[in-house]
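Listed below are the residues making up each chain.
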Amino acid sequence: MGKPLITFLLPAYNEGENINELYEQLTSETKNLCYSFEFLFIDDGSTDDTLEKIKHLTYYAENVSYVSFSRNFGKEAAMYAGLEHARGEAVIIMDTDLQHPPQLISSLIKGHEEGYHQVIAKRNRKGESRFSQFLTGSFYQMMNKWSAVNLQDGEGDFRLLSRKAVDALLKLSEGNRFSKGLYSWIGLSQATVTYENVIRNKGESKWKMSSLITYALDGMLSFNTKPLRLCCYLGLFTILISFLYILITFVSIVWNGVDVPGYFTTISAVLFLGGVQLFCLGIIGEYIGRIYNETKKRPHYIIDESNAMRADLEVRTI
Ligand code: UDP
Ligand code: MG
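Reading guide: rules and limits
- Residues numbered from 1 in each chain as written.
- Chains lettered and ligands numbered in written order.
- Predicted model: local features only at pLDDT ≥ 70, side-chain atom pairs only at ≥ 80, totals over all residues.
- UniProt positions renumbered as here; feature names shortened; annotations may be inferred.
- Helix = DSSP H or I, 4+ residues; strand = E, 2+ residues; numbered from the N terminus.
- Contact = placed C-beta atoms within 7 Å.
- Near = placed C-beta within 6 Å.
- Nonpolar A, V, L, I, M, F, W, Y, C, P; charged D, E, K, R; others polar.
- Pairing = 2+ DSSP bridges.
- Axes fitted to C-alpha atoms, helices over the stretch in contact; angles between N-to-C directions.

### Side note on the UniProt feature "transmembrane region" (unreviewed entry) in the protein
Piece 1. In the numbering used here, UniProt assigns the "transmembrane region" (unreviewed entry) feature to residues 230-255 and 267-288.
Piece 2. A distance of 37 Å separates the end C-alpha atoms of residues 230-255, which is 100% helix and 0% strand.

### As for the environment of Asn124
Piece 1. Here Asn124 shows up in the loop between strand E5 (118-123) and helix H5 (130-146).
Piece 2. The sequence separation of Asn124 and Asp153 amounts to 29 residues, and the corresponding C-alpha distance is 8.4 Å.
Piece 3. In contact with Asn124, not counting residues within four places along its chain, are Gly154, Glu196 and Asn197.

### Notes on the site of ligand 1
Piece 1. Taken together, the neighbourhood of ligand 1 is formed by 16 residues, with Pro11, Tyr13, Asp95, Ser205 and Lys206 sitting nearest.
Piece 2. At the level of secondary structure, the elements contributing two or more residues to the shell around ligand 1 comprise strand E1 (5-12) and helix H3 (75-85).
Piece 3. When grouped by side-chain class, the residues that make up the shell around ligand 1 number 5 nonpolar, 5 polar and 6 charged.

### Re the sheet that holds strand E3 (residues 64-69)
Piece 1. Read from one edge to the other, the open sheet built from 8 strands follows the order E7-E5-E6-E4-E1-E2-E3-E8, with strand pairing classed as mixed. Each edge of the sheet is formed by a strand with only one pairing partner; in this case those strands are strand E7 (190-195) and strand E8 (303-306). Across the sheet, the axes of successive neighbouring strands diverge by a mean angle of 20 degrees, strand direction being ignored.
Piece 2. Here 4 bridges tie strand E4 (residues 90-93) to strand E6 (residues 155-162), and the two strands are oriented antiparallel to one another. Within E6, the position partnered with Ile93 by the bridge is Arg159.
Piece 3. Across the sheet, helix H2 (residues 50-60) is in contact with E1, strand E2 (36-43) and E3; its angle to E3 comes to roughly 155 degrees.

Take a look at the structure:
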């Protein structure tokens, strides 16, 4: 009987400068472990030499495989493709920018051997700017307050998933994916390994402010319908306030007569109500947009080229 197989799921978008070093570090970290390994790169439509670098590895290492997208579909789609193509009895998801230290692999595998279905690498936020610490801190606070899943700061995609966890994640095939929430949603036993934050040394982060906001919105809207309820409360509150306002003004007019026509107050009431209505419409719109996207049932990604086969389509010869 051969050694059990573990898959490294490696999403890469313009990481040409990092591929070789990552591969070297991974092979040296894993060479003494009693497993066989598969290195599954997902090239997310890179415009640099990422794909060439990966292909070059496949020439002399037969356990390197890749899926290359026709354009940039985002890390969530890349991870989904990776889960679909992974053949291992466990899958380790890792960034390809060396921010996820390969030295943790043996601890992750140890957790797997102890029977945990998710072994999570949790980082502290050392070296990050105060502002980004504040932003992420408030995001997690809000997320946990407002949604049905519980997320922990510092726990990202860097983790080992058992086959059972991978199959569970594959069953959740929604288009607007928010993996951090999905990991929590599927449940199953979890263990945590902590590590120091690593600053990216080559290439640059692909997160822009706008994509961070979309990500936060996806996170909040994918896991609950509370914002819709917030709309109702806000609407009710405004109706109450304006009702009081009308009552008071009416009584004062009956008592004192009209003095100055209430131009300012009228305008402010209209503006206020208009604002609330727009706000509520916006929230509803966000949900409708998501429903619209889901009804299209588009694939998560389009493959341009690949040397890997989807795990569920493979003819198993055991
Ligand atoms: N990534 C990807 N597709 C994208 C953006 C990022 O596959 O559209 C990959 C990227 O190559 C890296 C990982 O996702 O391996 C994390 O990206 P990044 O380092 O930009 O995020 P950060 O570490 O800043 O959160
Ligand atoms: Mg990074």
